[in-house]
Amino acid sequence: MTELIQGADGKPRCKWCGDVAEFLPYHDNEWGYPVADDIRLFEKLCLESFQSGLSWRTILAKRENFRNAFSGFNFNKVAEFDERDVARLLADAGIVRHRGKIEAVINNARRAKEMVAGEGSIAAFVWGYEPDPADLPEPQTQSTSPASVALSKELKKRGWKFVGPTTVYAFMQAMGLINDHALGCAMRDKANRARADFDKP
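Residues numbered from 1 in each chain as written. Predicted model: local features only at pLDDT ≥ 70, side-chain atom pairs only at ≥ 80, totals over all residues. Heavy atoms only, no water.

A. Looking closely at the UniProt feature "binding site: Zn(2+)" (unreviewed entry) in the chain. Per the UniProt entry, the sites bearing "binding site: Zn(2+)" (unreviewed entry) are Cys14, His27, His181 and Cys185 in this numbering. For this annotated set, covering 172 residues, all C-alpha atoms fall within 10.5 Å of each other, a compact arrangement in space. Considering the arrangement of structural elements, one finds cysteine 14 in strand β2 (residues 12-14). If we skip the residues at most four places from it in the chain, cysteine 14 touches Glu3, Leu4, Ile5, His27, Trp31, Gln140, His181, Ala182 and Cys185. Examined against the element boundaries, histidine 181 turns out to sit in the loop between α10 (165-174) and α11 (186-197). Reaching out from histidine 181, the side chain makes a polar contact with the side chain of histidine 27 at a distance of 3.2 Å. (UniProt positions renumbered as here; feature names shortened; annotations may be inferred. Helix = DSSP H or I, 4+ residues; strand = E, 2+ residues; numbered from the N terminus. Contact = heavy atoms within 4.5 Å. Polar contact = N/O pair within 3.5 Å; in protein donor to acceptor, adjacent residues only side chain to side chain.)

Set out below in structure tokens:
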């Protein structure tokens, strides 16, 4: 069974959110709740790609800087970025200055525009990969899944970059496509209620 911690309010929570103080509000208010907003979905895919090889604490601490640097992750705007923007971003100490990942965000913004044109929205596309909760193993016991492998494969086929199965699985956890809050975590039922009330795109 996944280990839990007890919060200051006496409620049990996923153990990982006790690692650093800034994880707690993220865990309680964001992680695992269903999202249908295309900008938020695009942002999360980008931030998860930046996390690759780093800690989520690093990315979360820089999230507002990333938002400022990438026009609020409005993919219609980011798709217009050019080499001058790449140079600007590589000089921005407030973000992770990795050329490949920066260029991937710009590429993925263009692919996101194509997806919206073809599928109606990013949300409609990604929620088509939501697995049946009955098919999921115990929470937080894996880093990929058949659904994340399938979604990763299709994104790559469509030209997206830095979207491997582990990155996509973390995205699915965070955006509520699965409820991976630990059994016994006080937020698991809250996330389940949010999923039950969610109108899938």
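Having seen the structure, we can now continue with the description.
B. Inspection of the pattern of salt bridges at higher detail. A complete count under the given rule lists 18 salt bridges for this structure. The partner of arginine 67 in a salt bridge is glutamate 64, and the shortest N-O contact between them spans 2.5 Å. Taken together, the residues arginine 67 and glutamate 64, both in helix α4 (residues 63-69) and 3 residues apart, mark about one turn of the helix. Relative accessible area serves as the criterion here: at 45%, glutamate 64 is assigned to the partly exposed category. (Salt bridge = Lys/Arg side-chain N within 4 Å of Asp/Glu carboxyl O. Buried < 20%, exposed > 50% of the residue type's maximum accessible area, 1.4 Å probe, protein only.)

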